[in-house]
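Residue-level structural notes
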Amino acid sequence: MTLHPLVPLITVQLAIGWVWYLLRRSGRAQPLGTRAVNAILIGTGLVLLAVWAARLLSGTLPPV
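One numbering rule holds for all chains: residues counted from 1, following each sequence as written. pLDDT decides what is reported in this predicted model: residues at 70 or higher carry local features, side-chain atom pairs at 80 or more are listed and counted, and totals for whole chains, interfaces and linings draw on all residues regardless. By convention in this description, side-chain values take in all heavy atoms of the structure and omit both hydrogens and water.

**What to know about the overall build of the protein chain**
The secondary structure listing takes helices from DSSP runs of H or I that are at least 4 residues long and strands from runs of E that are at least 2 residues long, numbered from the N terminus. The secondary structure content of the protein chain amounts to 2 helices and 0 strands. Computed over the C-alpha atoms, the radius of gyration of the protein chain is 16 Å, more than 25% above the 11 Å expected from 2.2 N^0.38 for a compact globule of 64 residues. Along the three orthogonal principal directions, the C-alpha set of the protein chain runs to about 50 × 25 × 15 Å. Residue burial in the protein chain is summarised as follows: out of 64 residues, 8% are buried. All accessible-area figures derive from a Shrake-Rupley calculation using a 1.4 Å probe, and residue coverage is judged against the displayed protein chains alone. Taken as a whole, the protein chain presents about 5,500 Å² of accessible surface, with 72% of it coming from carbon and sulfur. For a compact globule the rule gives 2.2 Å times the number of residues to the power 0.38, and the radius of gyration it is set against comes from C-alpha atoms. Burial classification: accessible surface area is computed with a 1.4 Å probe over protein chains only, and a residue below 20% of its type maximum counts as buried, one above 50% as exposed, and the rest as partly exposed.

Here you go:
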């Protein structure tokens, strides 16, 4: 079984998000601004689209 190429990125984002959540609950961190959250989401989406396009152009998309 082969994992999606972005599994490491998403795993790191989940780990950072979990730590951030715990810090926020304990009052040791400030909330992220809307701009930062949007930048993270848009960046992740653009990387996802780039990986998809690269796999489509190279013919390495898995069968449906």
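Next comes the rest of the account.
**What about helix α2 (residues 34–58)?**
Over its 25 residues, α2 extends 36 Å from the first C-alpha to the last, a length consistent with the 36 Å expected when each residue adds 1.5 Å. Turning to α2, its buried residues are T44, V51 and R55. On the buried face of α2, the contacting elements are α1 (7–26). Residue G59 follows α2 closely and has a positive phi angle near 75 degrees. By this rule the span expected of a helix is its residue count minus one, scaled by 1.5 Å. Should any heavy atoms of two residues lie within 4.5 Å, those residues are considered in contact.

**Side note on the side chain of T44**
Looking at the secondary structure, you find T44 in helix α2. A residue is classified by how much of its surface remains accessible, and T44, at 17% relative accessible area, is buried. At 2.9 Å, the side chain of T44 and the backbone oxygen of I40 are in polar contact. Non-local contacts of T44, meaning those with residues more than four positions away in its chain, are made with I10 and Q13. N or O atoms within 3.5 Å of each other form a polar contact, as long as, within protein, one can give a hydrogen and the other can take it, and as long as residues adjacent in sequence are counted only when both atoms are side-chain atoms.

**Regarding α1**
For an α-helix, 3.6 residues make a turn, and residues three or four places apart therefore share a direction. Helix length check: α1 (20 residues) gives 29 Å between terminal C-alpha atoms against 28 Å at 1.5 Å per residue, within 8%. Immediately downstream of α1, the backbone of G27 shows phi near 85 degrees, a positive value.

**Digging into a nonpolar patch on the surface**
In this analysis, a patch consists of residues with relative accessible area above 30% that form no salt bridge, clustered at 9 Å for like charges and at 5 Å for the nonpolar side chains Val, Leu, Ile, Met, Phe, Trp and Tyr. Any Lys or Arg side-chain nitrogen found within 4 Å of a carboxyl oxygen on Asp or Glu counts as a salt bridge. Judged by side-chain polarity, W20, L32, V37, I40 and L41 come together as a nonpolar surface patch covering roughly 430 Å² of accessible area. Tracing the chain through its elements places W20 in helix α1. By relative accessible area, which is 32% here, W20 ends up partly exposed.

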